[in-house]
Amino acid sequence: MNTTTQKALENELNAVVQSLTLDEKIGMIHGCTLFKTRGVEGKNIPPLITSDGTMGVRAEYKDDEWALNGNSQDYASYCSSNTAIASTWNVEFARKSGAVLGKEARGRGKDIILAPGINIKRNPLCGRNFEYLSEDPYLVGMMAVAIIEGIENEDVAACVKHFALNSQETERFFVNVDVSERALREIYLKGFEMAVKEAHVRSIMAAYNLYNGLHCCENTRLLKEILRDEWQFDGVIISDWGGVHNTENAVKSTLDIEMSVTPDFDDYYMANPLKKMINNGEISEDYVDDKIRNILRLMVRLNMITIKDGIVSKNTARKRGSYNTHENRLDILEVAREAVILLKNEDNVLPLDKEHVQKLLVVGDNATTLHANGGGSAEIKALYEVSPMLGICQLLGGNTEVKYAQGEEAINLAKEYDNVIFVGGLSHDYDVEGKDRDNICLVNGQDEMINKLLDANENTIICIIAGSVVDTSKWKDKAKAIIYMPYNGMEGGTALAEVIFGDVNPSGKLSETFCYEDSRILKDDELAYPGRVLSEDEKKNMNANLTQVFKEGVLVGYRYYEKYNIPVAFPFGHGLSYTKFEYQNVKVDVTDKDIVVEVMVANVGKVVGKEVVQVYIGEKNVSEDNPIKELKAFSKVEVEQGTSKSVVMTIPKESIAHFDEEKGSFLLKEGEYVVYVGASLEDIRAKEDILI
Ligand code: GLC
């Protein structure tokens, strides 16, 4: 939008603001139902209607109680989890997934979809890791920008969440995060900064936790100084539900809308209490006017309204969206196929030949468990969900005897069957909002079951479905074939079966390190207060001194494991294919502003496949507090068997700068660096020294 148009819009917004009463304005800045704010009927200002979540549009709740309406028309398409989307390393597919979410939200009459979740996966234990993208800020940012663009192209606002530092569920309402400015800037805010500056995201959800002693929903440093003043964010900031605890702090922090979980809507901090403080002259009404301008600007951008001469009109040109369509489900399946990660494939046990599999034994809870309707606010009333068992049976048809067995029976049968598939992992009993896991071990005796199956049939295929890392140490070396699939939407079972039987050549890559339980990050200082129970007084007065020190600084995820040379089960960026790629003619050029990397990717195998070329950069002589190397570019490319394709990636030099806490800004240190080109963090195919 050019300056003149921008200026004209601001004048129109001001005219509308002047025409509203205080009551009308107050009604627009807090929930009047659990998921909606009030409009101003007499002035054609519509309510703002929000909905969860990160994997689809949540079922309809009653206006004033956490009870489902029980409609028949709120079944929804169930998309891949954010972890699965990131595992595709396919920016176009992230955009496609965002577009489906946007269409579905618009189709259900929503204005804001409370997604994507982009908090850094700092701790493998975090119960909501399935709703987040990665441990790496650059991968988070690239995927978040694409998802947001996909959503917002459908006349729906994304609401990127949770701003900021919400990387654990333990005591999430009270935990006060103590993090260095450098780690804040380089790791925890990076994805949000890209969402604002590159995707121009239209709304942001402020988090429950505290940062530097102030709740994020009232944190002027985060919301005003960084988000608004530094990044020039002019969208709408919405509190997490129940995240506001003080009227003046929230209003002055530039939070725009307070949402909460109780039906006393007019008693919310930014409702009658605010009106009273304004009428008493304790707070200027100007603060409210700023919020109204942000909300009206959002409505114009969503094509909800037009404004002419200060008069608001409904915009009839707004996209109508569509939900539960065949097209949406095809897009969901396409994304799901690329989210399946082949971790190991010794002796080319995979793919199985569906023409020759006469008898197949399937074992494990996750072969039949459905996951859509779990996880907390991300729950989805899915139109359907294809389990792995259904996906396998659909694909094989009637010529293969497929038996499902559990427990001991399964062990005995495993000796008789040529092919055995185990599908285990976790469920939303463990990957869930509001709590963290105690460890990353598999549950319910799965390790033992896997070993027994492998003893009975060494070619047993191990499939793990989970929202985050699980420990594989007990069987990883013994198993020949291992697949990991994050919660992968309504077609997850279809996609998994298609990879197992070779209809799809897997191209997923880990977006987080598969560490071991014995050596995982933060093991020795779990959540700062293991077992700490808050007193009622602490809860009531929100004065709990629960400080979580992010003492690892920028050394999060692979940055930590590689720096301290800690072995991992499967490294960041790892994922195998049924074909083989060679990287040829790697060239690295340094221009005045950029580092340009060119790679010829040759498919020297027998089937077409997709490869994710990754570029990491680190100092030649690594400083004490810097990671060895960091992801700075990636590109996914499809290459036909027997052919090659050139991949060119341009990396702005400024992207390898580190945040200098003394200067309070990013600083590019001149000197020698190394450019690593590889198929994962550890599978480096070429490296070049450069001078910056
Ligand atoms: C929850 C979650 C947030 C969700 C909101 C509305 O507590 O933290 O992600 O969008 O409330 O359900």
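Residue positions are given per chain, counted from 1 along the sequence in the order it is written. Only residues with pLDDT of at least 70 are given local features in this predicted model, and only at 80 or more are side-chain atom pairs given and counted; all residues enter the totals for whole chains, interfaces and linings. Computation of side-chain values covers all heavy atoms of the structure but excludes hydrogens and water.

(A) View of the overall build of the protein. Segments assigned H or I by DSSP are reported as helices when at least four residues long, segments assigned E as strands when at least two residues long, and all are numbered from the N terminus. Check the secondary structure of the protein and you find 18 helices and 28 strands. The reference for a compact globule is 2.2 Å times residues^0.38; the radius of gyration itself is calculated from the C-alpha atoms. For a compact globule of 692 residues, the expected C-alpha radius of gyration is about 26 Å, and the protein comes in at 26 Å, within 12% of that figure. By principal-axis analysis of the C-alpha atoms, the protein measures approximately 80 × 60 × 55 Å. Exposure is judged per residue with a 1.4 Å probe applied to protein chains only, and the accessible area is read against the type maximum: over 50% gives exposed, under 20% gives buried, and values in between give partly exposed. Relative to its full complement of 692 residues, the protein shows a buried share of 63%. Per-residue accessibility takes into account occlusion by the displayed protein chains alone, with areas from the Shrake-Rupley method and a 1.4 Å probe. Accessible surface, the protein as shown: approximately 25600 Å² in total, 46% of it carbon and sulfur.

(B) Local environment of the site of the ligand. Any residue with a heavy atom positioned within 4 Å of a molecule or strand is treated as near that molecule or strand. Within the structure, the ligand sits among 14 residues, and D52, R128, H162, Y208 and D240 are positioned closest to it. A 3.5 Å cut-off defines polar contacts: any pair of N or O atoms within that distance qualifies, except that in protein one atom must be a possible hydrogen donor and the other a possible acceptor, and neighbouring residues in sequence count only when both atoms are side-chain atoms. R58 is positioned such that a nitrogen or oxygen atom in its side chain is 3.4 Å from an oxygen atom of the ligand. Between the ligand and H162, the relevant distance is 2.7 Å, taken from an oxygen atom to a side-chain nitrogen or oxygen of the residue. Relative to its unbound accessible area of 310 Å², the ligand is 95% covered by the protein chains. Note that Gly is not counted as nonpolar here; it falls among the polar residues with everything else outside the nonpolar set of Ala, Val, Leu, Ile, Met, Phe, Trp, Tyr, Cys and Pro and the charged set of Asp, Glu, Lys and Arg. Residues that form the shell around the ligand fall into these classes: 5 nonpolar, 2 polar and 7 charged.

(C) Looking closely at the packing of aromatic side chains. The aromatic pairing rule takes the rings of Phe, Tyr and Trp, using the six-membered ring of Trp, and pairs them if the centres are within 6.5 Å, calling planes under 30 degrees apart stacked, those over 60 edge-to-face and the rest tilted. As enumerated under the stated definition, the model contains 21 aromatic pairs in all. A ring pair is formed by F35 and W241, whose centres lie 5.8 Å apart and whose planes are at 40°; its orientation type is tilted. Here the residue F35 occupies a position in the loop between strand 1 (31-33) and strand 2 (36-37), and W241 occupies one in the loop between strand 10 (236-239) and helix 9 (247-253), the gap between them amounting to 206 residues. Residue F35 shares its accessibility class with W241, and that shared class is buried.

(D) How the structure looks around the pairing of strand 20 (residues 581-590). The rule for pairing is simple: two strands pair if DSSP sees at least two bridges between them. Across 8 bridges, strand 20 lies against strand 21 (residues 594-603) in antiparallel orientation. Within strand 21, the residue paired with K587 across the bridge is E598. Here strand 20 folds back onto strand 21, and the loop between the two strands holds 3 residues.

(E) Quick look at helix 13 (residues 388-396). All of the buried residues along helix 13 are P388, M389, G391, I392, L395 and L396. Buried residues of helix 13, seen end-on, are gathered within an arc of 165° and therefore sit on one face of the element. Structurally, helix 13 contributes buried residues whose contacts are with strand 14 (359-363), strand 15 (401-405), strand 16 (419-425), strand 17 (461-465) and helix 16 (492-500). Count one or two residues on from helix 13 and you reach G397, which has phi positive near 75°. This arc describes the spread of directions from the helix axis toward the C-beta atoms. In what follows, residue pairs with any heavy atoms lying within 4.5 Å of each other are defined as contacts.

(F) Summary view of the environment of L546. Checked against the element boundaries, L546 lands in the loop between helix 17 (536-541) and strand 19 (547-549). You can call L546 buried: its relative accessible area is 0%. Note: C-alpha distance between L546 and G445 (101 residues apart in sequence) is 34 Å.

(G) Representation of the sheet that holds strand 21. Spatially, 20-21-24 is the arrangement adopted by the 3 strands of the open sheet, whose pairing is antiparallel. Among the strands making up the open sheet, the edge pair consists of strand 20 and strand 24 (644-652). Taking the axes of each pair of neighbouring strands and ignoring which way they run, one obtains an average angle of 15° across the sheet. Judged from the 9 bridges that link them, strand 21 and strand 24 form a sheet pairing that is antiparallel. The partner of V597 across the bridge, within strand 24, is M649. Whenever a helix is involved, its axis is fitted only over the stretch in contact; in every case the axis is a line through C-alpha atoms, and angles between N-to-C directions fall within 0 to 180 degrees.

(H) Spatial organisation of the packing of helix 6 (residues 181-188) against helix 8 (residues 220-230). Interhelical geometry of helix 6 versus helix 8 gives an angle of 55° and a closest axis separation of 15 Å. One way to sum up the angle between helix 6 and helix 8 is to call them oblique. Note that helix 6 runs across helix 8; the crossing there is right-handed. Contacts between helix 6 and helix 8 pair E181, L184 and R185 from the former with R221, I226 and E230 from the latter. Roughly parallel covers angles under 35 degrees, roughly antiparallel covers those over 145, roughly perpendicular covers 65 to 115, and oblique covers all other angles. When the near helix sits turned anticlockwise from the far one by under a right angle, the crossing is termed left-handed; a clockwise turn instead gives a right-handed crossing.

(I) Examining the nonpolar core more closely. Among buried residues, the Ala, Val, Leu, Ile, Met, Phe, Trp, Tyr and Cys ones that are joined through side-chain atoms within 4.5 Å form a nonpolar core. Among the nonpolar cores identified, the biggest contains 229 residues, and F163, L296 and I595 are the most heavily contacted of them. The leading source of residues in this core is helix 5 (residues 137-152), at 10 residues. Setting aside anything within four residues of it in sequence, one finds F163 in contact with L189, F192, I204, M205, A206, A207, C216, L222, L223, L227 and W231.

(J) Here's a closer look at the pairing of strand 17. Across the 5 residues of strand 17, 5 count as buried, placing the element largely inside the fold. The alternating pattern of strand 17 places I461, C463 and I465 and I462 and I464 on opposite faces, both of which are buried. With the strands aimed away from the viewer, a crossover counts as right-handed if its path from the first strand over the helix to the second runs clockwise. With helix 15 (residues 446-456) bridging strand 16 and the parallel strand 17, this β-α-β connection has right-handed handedness. Both strand 17 and strand 18 (residues 481-485) contribute to a ladder of 5 bridges, which runs parallel. Residue pairing in the sheet places I464 in a bridge with Y484 of strand 18.

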